Amino acid sequence: MMRQNFYAAVFAAGITLILTCLMVGVKLTSEGTELRVVGATSAQWAWILSGIAIVFLSQLFRDHISAASAGIPRPDFGKLLPAVSVQARLKPWLIAAVIVGLAVWPFMVSRGAVDLATLTLIYIMLGLGLNIVVGLAGLLDLGYVAFYAIGAYTYALLSSYFGLSFWICLPISALLAATFGFVLGFPVLRLRGDYLAIVTLGFGEIIRILLNNWTSLTGGPNGISGIDKPTLFGLDFNRRAAEGQTTFHEFMGIDYSSSYKVIFLYLIAVLLVIWVLFVINRLMRMPIGRAWEALREDEIACRSLGLNRTVIKLSAFTFGASTAGFAGCFFAARQGFISPESFVFIESAIILAIVVLGGMGSQFGVILAAIVMTILPEFAREFSEYRMLLFGLLMVLMMRWRPQGLLPSKRPHMELKR
Amino acid sequence: MSQLLLDVNGLTMRFGGLVAVNAVNLAVRNRQIVSVIGPNGAGKTTVFNCLSGFYPPSDGSVMFKGEQIAGLKDFRISRKGLVRTFQHVRLFSNMTVIENMLVAQHRHLNTNIAAGLFKTATYRRLEQEAMDRAAFWLEQVDMLSFANREAGNLSYGQQRRLEIARCMVTQPELLLLDEPAAGLNPNETKQLDELIVRLRDEHEISVLLIEHDMSLVMGISDHIYVIAQGTPLADGTPDEIKQNPDVIKAYLGEE
Ligand SMILES: Nc1ncnc2c1ncn2[C@@H]1O[C@H](COP(=O)(O)OP(=O)(O)O)[C@@H](O)[C@H]1O
Ligand SMILES: [Mg+2]
């Protein structure tokens, strides 16, 4: 036992040594036209060595550590929720209260808070969309941000080239992202599961690099700016109206305030999230939602019952993509400016983290996780350099103590009534 | 003589150098119970895997309702009305019994997304019909009172019955059962025996059965095929098989 741990410890320490030496121990710096390799300072080496020592010791005394940590009580957030029967009775009231709260709340807080809430809502949308793919259908998508980018650029381009409005572009963005999802998924989903992760990872990068280099169309790294904001039945939220148009404050006969625009965007985001939630909730109760779960549970049984697994997986993948397209369109409208920088791999990783953290398949968990993942960094601005470190730590701890996520999924069960 | 429902000729399956199934012939007519017996490792499950499309046969023809189905995709074969169970129960164990029955009817339901989102009348009608069919078959296997239970929490015998009901709700014409009595107690075996006979006599389907329980096989089969080491050894009525010296030596004798 001890001997086995010793080998494992040596192995883990070796891996740590190799990784840290490559990533921290040496640096490439450019001097003029030359590249030079610079070693780490002695202080950095001390850190590296102590890190390796920690890995070695923790692996060596793995059994003792897990025995000791087994005593730590594990939080069960599921217990905090009332029983299922009570939940069912309270649900309509709760939903009504939440919607009213969401609608009233922005008028009482600062602009910054509303803006942050809007961003959170975008991540909730993305989390819910990816949750269909990863949580419900069990497909690992590592390039989800590509569909988000497609949605955003669809609106940005259609708006700046053809002057199409946000409301028209919203379904177009979703449809276009879905089409890309379909075309990408069709060949890949016939293959084994692991290929999907690799192909989507590559697809995410391809889309980003394409946007970066197709300068004539997308403006390349400079992105697209001056994207129109959404309008309310043709009323816009600017200080001065464009030719032949009225602004919201003129129409209402009130003074101009820039916070109307922020609140309006926030309310649109709330509406979009409600729509996405509605669709997903219906999907889960529909034949297709059941088929996703069945396929995740036993693919062979599904095939023997005549279910076409490629089509079923493809539908989940396409739905997920369209949700990202939706979110992307809104993102472009809110920012007014987009560039490929907003759609890097780390975004995909964060969205995936939201899904995993939330408890795959659980919508409430995903919403909670999206809030945690967007609001915490705002509170911990001083630590922003360590953000990725904290993020990694959080993931490791989650996998260790709560692999099923904050609130593991509970699917609504179909009942036979007689 | 009734018409041939399944007609298998020279079915062969090779795994590398191993010939798991060697030139097997099978014939199943409408409303017949046909059994395949043979010692463990004889290749019976592999025959099922070939018939149901899980493995593409290396050689041979499989005619189902007069149509060549060898090499078709598994789900396509299932949709044609040839449905199987597995030697080890394969249920969707986190789903309820009724949901297991609904998944099996996936292609009979309205899968139009818009229809489902807004619960149109056709959508609800088809769902209700699926529910009714599910309830009917649960009743047939005596499982109706467990409809809202999670499938994973059922007893082994109940899981076996649910698996058969789940196949039947897809409205097959030929049901392939792979050792359905394995692990059942004598009482449950008797129920199974009655159920299979009822499937043939009342519901007018054919059953191809792999089974080790000799009294079950001899009692209900219209025809029996014996294979040993992948090769056909004998076939005939139960009485003929019981008296066949080759069979007695190779199979019955060792028990
Ligand atoms: N996928 C496979 N790859 C290689 N050999 C296999 C495979 N499936 C079955 N076999 C072999 O085929 C033979 C018959 O197996 P099987 O059909 O399961 O027998 P039975 O169901 O009659 O007990 C066995 O020797 C088994 O090892
Ligand atoms: Mg077998």
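Residues numbered from 1 in each chain as written. Chains lettered and ligands numbered in written order. Predicted model: local features only at pLDDT ≥ 70, side-chain atom pairs only at ≥ 80, totals over all residues. Heavy atoms only, no water.

Moving on, we come to the interface of chain A and chain B. The partner chain B presents 43 residues to the 33 residues of chain A that form the contact. With both sides pooled, the region where chain A packs onto chain B buries about 3,300 Å², and carbon together with sulfur makes up 63% of that total. Our count for the contact surface shared by chain A and chain B stands at two salt bridges. The salt bridge partner of A:Arg303 is B:Asp74, with a shortest N-O separation of 2.7 Å. For the interface between chain A and chain B, the tally reads seven residue pairs in polar contact (both at pLDDT 80 or more). With seven residues, helix 13 (residues 287-297) of chain A is the largest single contributor of residues to the side of chain A that touches chain B. Partitioned by chemical class, the residues of the side of chain A that touches chain B number 19 nonpolar, four polar and 10 charged. (Contact = heavy atoms within 4.5 Å. Buried area = accessible area lost by both parts, 1.4 Å probe. Salt bridge = Lys/Arg side-chain N within 4 Å of Asp/Glu carboxyl O. Polar contact = N/O pair within 3.5 Å; in protein donor to acceptor, adjacent residues only side chain to side chain. Helix = DSSP H or I, 4+ residues; strand = E, 2+ residues; numbered from the N terminus. Nonpolar A, V, L, I, M, F, W, Y, C, P; charged D, E, K, R; others polar.)

All names here are of chain B. Around the magnesium ion (ligand 2), the protein contributes the donor atoms Thr45 (OG1) and Gln87 (OE1), which lie 2.0 to 2.2 Å from the metal centre. Here Thr45, found in helix 1 (residues 44-51), pairs with Gln87, found in the loop between strand 6 (82-84) and helix 3 (97-104); they are 42 residues apart in sequence, far enough to count as distant. Residue classification places Gln87 among the partly exposed positions, given a relative accessible area of 28%. (Donors = N, O, S within 2.8 Å, 3.2 Å for Na, K, Ca; no water. Buried < 20%, exposed > 50% of the residue type's maximum accessible area, 1.4 Å probe, protein only.)

Take the sheet that holds strand 7 (residues 174-178) of chain B next. All names here are of chain B. Reading across the sheet, the six strands line up as 6-7-8-3-9-10 and stay open at both edges, with mixed pairing between neighbours. On the outer flanks of this sheet lie strand 6 and strand 10 (231-236), each paired with one strand and no other. Averaged over all adjacent pairs, the angle separating strand axes in this sheet is 20 degrees, with direction ignored. Most of the contacts of helix 6 (residues 156-168) go to strand 7, to which it runs at about 160 degrees, and overall it touches strand 6 and strand 7. Lying over the sheet, helix 7 (residues 186-201) contacts strand 3 (33-37), strand 7 and strand 8 (206-210), oriented at roughly 135 degrees with respect to strand 3. (Pairing = 2+ DSSP bridges. Axes fitted to C-alpha atoms, helices over the stretch in contact; angles between N-to-C directions.)

Next up on the list: the site of ligand 1. Residues and elements named next belong to chain B. All residues adjacent to ligand 1 are Phe15, Leu18, Ala20, Asn40, Gly41, Ala42, Gly43, Lys44, Thr45, Thr46 and Tyr55. In the model, an oxygen atom of ligand 1 is placed 2.6 Å from a nitrogen or oxygen of the Thr46 side chain. The contact in question runs from a nitrogen atom of ligand 1 to an N or O atom on the side chain of Tyr55, over 3.0 Å. Coverage of ligand 1 by the protein amounts to 62% of the 560 Å² it exposes when considered alone. By residue number, the principal contributor to the shell around ligand 1 is helix 1, which donates three residues. Class assignment for the residues of the shell around ligand 1 results in five nonpolar, five polar and one charged. (Near = heavy atom within 4 Å. Areas by Shrake-Rupley, 256 points an atom, 1.4 Å probe, with all protein chains shown as cover.)

In this section: the domain arrangement of chain B. Residue and element names in this part refer to chain B. For chain B, the domain assignment lists domain 1 (1-81 + 174-192 + 204-255) and domain 2 (89-171). Here domain 1 and domain 2 share an interface that buries about 850 Å² over both sides, 62% of which is from carbon and sulfur atoms. Among the residues of domain 1 in contact with domain 2, Arg79, Leu175 and Gln191 are the three that bury the most area, contributing 38% of the side total. For the interface between domain 1 and domain 2, the tally reads zero salt bridges. Run the count over domain 1 and domain 2 and you get three residue pairs in polar contact (both at pLDDT 80 or more). Where the side of domain 1 that touches domain 2 is concerned, the elements lending two or more residues are strand 7 and helix 7. Broken down by class, the residue content of the side of domain 1 that touches domain 2 amounts to seven nonpolar, two polar and four charged. (Domains from an automatic or database assignment.)

Residues and elements named next belong to chain B. An order of 2-1-4-5 is seen for the four strands of this open sheet, with the pairing classed as antiparallel. Two strands lie at the open edges of the sheet, namely strand 2 (18-29) and strand 5 (67-68), each paired on one side alone. In terms of strand pairing, strand 1 (residues 4-15) meets strand 2 through eight bridges, oriented antiparallel. Bridge pairing in strand 2 links Leu4 to Arg29. Across the sheet, helix 1 is in contact with strand 1, strand 2 and strand 4 (59-64); its angle to strand 1 comes to roughly 115 degrees.

Right, let's talk about the nonpolar core for a bit. Core analysis: the largest hydrophobic core is formed by 147 residues, its most contacted members being A:Leu126, A:Phe147, A:Tyr148, A:Trp292, A:Ile338 and B:Leu162. In terms of residues, this core owes the most to one element, helix 12 (residues 258-285) of chain A, which gives 15 residues. If we ignore the near neighbours within four places in the chain, the residues touching A:Leu126 are A:Tyr144, A:Tyr148, A:Ala324, A:Ala327 and A:Ile351. Within the second largest apolar cluster, 27 residues are counted, among which are B:Met13, B:Val36, B:Val47 and B:Cys50. (Core = buried A, V, L, I, M, F, W, Y, C linked by side-chain atoms within 4.5 Å.)

Moving on, we get to helix 16 (residues 345-358) of chain A. Residues and elements named next belong to chain A. Here helix 16 is 14 residues long and its end C-alpha atoms lie 20 Å apart, about the 20 Å a rise of 1.5 Å per residue gives. Most of helix 16 sits inside the fold, with 11 of its 14 residues counted as buried. Where helix 16 is concerned, the buried positions are Glu347, Ser348, Ile350, Ile351, Leu352, Ala353, Ile354, Val355, Val356, Leu357 and Gly358. Check the buried side of helix 16 and you find it contacts helix 6 (111-136), helix 7 (145-162), helix 17 (363-379) and helix 18 (387-401). At the C-terminal side of helix 16, Gly359 shows a positive phi close to 100 degrees. (Expected span 1.5 Å × (residues − 1).)

Attention shifts here to the pattern of salt bridges. Tallying each qualifying case throughout the model produces 15 salt bridges over all chains. One salt bridge connects B:Glu173 with B:Lys65, and the closest N-O pair in it is separated by 2.8 Å. Placement of the pair is B:Glu173 in the loop between helix 6 and strand 7 and B:Lys65 in the loop between strand 4 and strand 5, with a sequence separation of 108 residues. In this structure, B:Arg160 and B:Glu163 form a salt bridge, with 3.7 Å as the shortest nitrogen-oxygen distance. With a gap of three residues between them, B:Arg160 and B:Glu163 both fall in helix 6, about one helical turn apart. Residue class for B:Arg160 comes out buried when judged on its relative accessible area of 5%. Residue B:Glu163 is classed as buried on the basis of its relative accessible area, which comes to 2%. Shared partners join several salt bridges into a network, and the residues in it are A:Glu299, A:Arg309 and A:Lys313.

Before going further, it helps to examine the side chain of B:Arg200. You can see B:Arg200 is positioned in helix 7. If we skip the residues at most four places from it in the chain, B:Arg200 touches B:Arg31, B:Gln32, B:Ile33, B:Ile205, B:Ile220 and B:Asp222.

Turning our attention to the packing of aromatic side chains. The way to describe two aromatic rings as a pair is by their centre distance and the angle between their planes. One pass over the structure, following the stated rule, counts 20 aromatic pairs over all chains. Centre to centre, the rings of A:Phe166 and A:Trp167 are 5.0 Å apart; their planes meet at 75 degrees, and the pair counts as edge-to-face. The exposure class assigned to A:Phe166 is buried, which follows from its relative accessible area of 2%. When its relative accessible area of 36% is taken as the criterion, A:Trp167 is described as partly exposed. For B:Arg84, the ring lying beneath its charged end belongs to B:Phe54, and the centroid distance is 5.2 Å. The cationic tip of B:Arg166 hangs over the ring face of B:Phe92; the distance from NZ or CZ to the ring centre is 4.8 Å. (Phe/Tyr/Trp six-rings, centres within 6.5 Å; stacked < 30°, edge-to-face > 60°. Lys NZ or Arg CZ within 6 Å of the ring centre and 35° of its normal.)

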